[in-house]
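So you can see what is in the structure, the chains are spelled out below.
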Amino acid sequence: MRTGLRLEAFGCRCVERVDLTVAPGHCLGLTGPSGSGKSLFLRALADLDAYTGRMLLDGHDAAHMPAPQWRSQVALLQAEGAWWFDTVGEHFGTIPDDWLASLGFDDHVMTWQVSHLSSGERQRLALLRMLVNQPKVLLLDEPTANLDAVNTERVEMLLDKIRRQWQPATLWVAHDLSQLKRWCDPIWVLEGSKLNPLHSALENTGVRTEARIP
């Protein structure tokens, strides 16, 4: 039975001990000041950085799983993803045509030179490269930060389709609270090595807000 991503007494160089669960089909939002360690937190969840405590996926402990196997199921979309080959197509296996179209591409994109891609094109293609493996957990680090409104909507629509189809557990990092509130429940704030619920964090700083998590 799928139970999602579970952290038990989890800590890393930017986060103190935390316990939380992200169930299949659910999306946890994460925000916080620049430099607070949000990206480092995601790297630790992808087993790219050292951590303490336990990470479990559907009850299986990351400590008992080869790191590449863990990362194939707990996939990290980094703000600046790596590209190893000259052309886009060399980074892909089979990809559904409708996925390409949904992000504004056609199959000719596979012949494009990576060096000629804009930052927004790289970001959308890196998302597709991650999704083709159908991971059980999506770790999204500012997935629409370099995109205009049209392409942001395209990415959100594709992710919504994916969420409905195979129910990945999702952690979504962003500074855009309006985006997180459309997608995520709950939303956490990372600051001072601690994770706090959004409204508790705002109350602690004396900030008033009428926003509500859906």
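Residues numbered from 1 in each chain as written. Predicted model: local features only at pLDDT ≥ 70, side-chain atom pairs only at ≥ 80, totals over all residues. Heavy atoms only, no water.

## Some points on the layout of surface pockets
Then step 1. In this structure, the largest pocket occupies an estimated 490 Å³ of space.
Then step 2. Considering the residues around the largest pocket, the lining is formed by 16 residues, among which Arg-71, Leu-76, Gln-78, Trp-84 and Arg-129 are closest to the centre.
Then step 3. Of all the secondary structure elements, the ones that give two or more residues to the lining of the largest pocket are helix 2 (67–73), strand 6 (74–77) and helix 4 (119–131).
Then step 4. It is strand 6 that contributes the most residues to the lining of the largest pocket, four residues altogether.
Then step 5. Class assignment of the residues belonging to the lining of the largest pocket gives a composition of 10 nonpolar, four polar and two charged. (1 Å grid on protein atoms, 1.4 Å probe; cavity = no way out; pocket = protein on both sides within 12 Å on 5 of 7 lines; lining within 4 Å. Points joined across faces, edges and corners; volume = space filled by probe spheres on them. Helix = DSSP H or I, 4+ residues; strand = E, 2+ residues; numbered from the N terminus. Nonpolar A, V, L, I, M, F, W, Y, C, P; charged D, E, K, R; others polar.)

## Comments concerning empty space enclosed by the protein
Then step 1. The tally for this structure, following the rule as stated, stands at one cavity of 30 Å³ or more.
Then step 2. Lining the largest cavity, in full, are Cys-27, Leu-138, Leu-140, Leu-159, Ile-162, Arg-163, Pro-168, Thr-170, Trp-172 and Trp-183.
Then step 3. The set of elements that each furnish at least two residues to the lining of the largest cavity consists of strand 7 (137–141), helix 5 (149–166) and strand 8 (169–173).
Then step 4. When the residues that make up the lining of the largest cavity are grouped by side-chain class, the tally is eight nonpolar, one polar and one charged.

## Comments concerning the packing of helix 4 against helix 5
Then step 1. Closest axis-to-axis distance for the helix 4/helix 5 pair is 11 Å, and the angle between their directions is 10°. The pairing of helix 4 with helix 5 is recorded here as roughly parallel in orientation. On the side of helix 4, the interface is formed by Arg-124, Leu-127, Leu-128 and Leu-131, while helix 5 contributes Asn-151, Arg-154, Val-155, Leu-158, Leu-159, Ile-162 and Trp-166.
Then step 2. Tallied by class, residues from the contact of helix 4 with helix 5 come to eight nonpolar, one polar and two charged. (Axes fitted to C-alpha atoms, helices over the stretch in contact; angles between N-to-C directions. Parallel < 35°, antiparallel > 145°, perpendicular 65-115°, else oblique. Contact = heavy atoms within 4.5 Å.)

## Some words on the side chain of Asp-58
Then step 1. Its location among the elements puts Asp-58 in the loop between strand 4 (52–57) and strand 5 (60–61).
Then step 2. Look at Asp-58 and you get buried, because its relative accessible area is 14%.
Then step 3. At 3.4 Å, the side chain of Asp-58 forms a polar contact with the side chain of Lys-136.
Then step 4. Asp-58 has contacts with Met-1, Arg-2, Thr-3, Gly-4 and Lys-136, leaving out every residue within four places of it along the chain. (Buried < 20%, exposed > 50% of the residue type's maximum accessible area, 1.4 Å probe, protein only. Polar contact = N/O pair within 3.5 Å; in protein donor to acceptor, adjacent residues only side chain to side chain.)

## Some words on the pattern of salt bridges
Two side chains with opposite charge may pair up if their charged atoms get near one another.
Then step 1. All told, the structure shown has 11 salt bridges when counted by the stated rule.
Then step 2. Its salt-bridge partner being Arg-164, residue Asp-160 comes within 3.0 Å of it at the nearest N-O pair. Taken together, the residues Asp-160 and Arg-164, both in helix 5 and four residues apart, mark about one turn of the helix.
Then step 3. Take Asp-160: its relative accessible area is 23%, and that puts it in the partly exposed class. (Salt bridge = Lys/Arg side-chain N within 4 Å of Asp/Glu carboxyl O.)

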